[in-house]
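Tertiary structure, described
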Amino acid sequence: VIRRLPSFRHSKKRKKTKQIENAIFLDTSAIIDARVFDLISLGVFKGIFVVLESILLELKHIADSQDTVKRERGRNGLELLEKLKKTRGVRFMVLPELRNESESKDIKEVDEKLIYKTKVHKGRIITCDYNLEKKSSISGVTAININTLATLLKVRAVPGEALHIRVLHKGKEPTQGVGYLDDGTMIVVENAVEEIGKETDV
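In this report, the structure presented in the accompanying data block is examined. (Residues numbered from 1 in each chain as written. Predicted model: local features only at pLDDT ≥ 70, side-chain atom pairs only at ≥ 80, totals over all residues. Heavy atoms only, no water.)

What follows concerns the overall build of the chain. Scanning the chain for helices and strands turns up 7 helices and 9 strands. Across the 202 residues in the chain, those meeting the buried criterion constitute 35%. Expressed as a percentage of contacts within the chain between residues at least 6 apart in sequence, the contacts between residues at least 24 apart total 56%. Accessible area for the chain stands at about 14700 Å²; split by element, carbon and sulfur atoms hold 52% of it. (Helix = DSSP H or I, 4+ residues; strand = E, 2+ residues; numbered from the N terminus. Buried < 20%, exposed > 50% of the residue type's maximum accessible area, 1.4 Å probe, protein only. Contact = heavy atoms within 4.5 Å. Areas by Shrake-Rupley, 256 points an atom, 1.4 Å probe, with all protein chains shown as cover.)

Where burial is concerned, the two faces of strand β1 (residues 23–26) agree: the one with Ala-23 and Phe-25 and the one with Ile-24 and Leu-26 are both buried. Here 3 bridges tie β1 to strand β2 (residues 48–52), and the two strands are oriented parallel to one another. Residue pairing across strands places Ile-24 opposite Phe-49, the latter belonging to β2. Of the strand pairs in this sheet, β1 and strand β4 (residues 124–127) are connected by 3 bridges, and their pairing is parallel. Bridge pairing in β4 links Leu-26 to Ile-126. (Pairing = 2+ DSSP bridges.)

Now for the sheet that holds β4. With parallel pairing, the 5 strands of this open sheet are ordered in space as β3-β2-β1-β4-β5. Lying at the two open borders of the sheet, with one neighbouring strand each, are β3 (91–95) and β5 (142–145). Across the sheet, the mean angle from the axis of one strand to that of its neighbour is 30 degrees, orientation sign disregarded. Here helix α3 (residues 53–63) sits on the sheet in contact with β1, β2 and β3, set at roughly 65 degrees to β2. (Axes fitted to C-alpha atoms, helices over the stretch in contact; angles between N-to-C directions.)

Next comes the structure, spelled out in structure tokens:
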């Protein structure tokens, strides 16, 4: 009786994805918003800035849009990425798609790829998309929303504090004047309708 020898399958070893240290993934909304580039130049974020190939493709579609505003923002985003790539002291890379990954124009799928890749590389996402921020949080991925950051950095006016502002226009009431702080916070001034167009202490 010939005994059958146990068969050993030689499974091909999958190449381990080399982890990108301190990876900061930029999503489409953050790129076209553009404020993130100012924060990078200030040195607020440190690490390797990563853009997925699918996001670059999405950005190119926006840059080719029939809508003038979208086209302008898309092209500006691509120009800022090119500038970032050439900036000394800043590490930037485009992460290509794997061969077995099918490219999709669906925004939600791009978001899922972004969350997955960020999780693989133990990185962070910079975004302006509230839904992406929440979805990332559920998936255990840190997402920094530029809009949330801007809100946190707003000047907090203290009751009783004197402010010097320019009254720009009328308020809801006939006697009210309206001015703004440098961060865009609206200030309603009572009995200031005669001060419109002037700078005043309030």
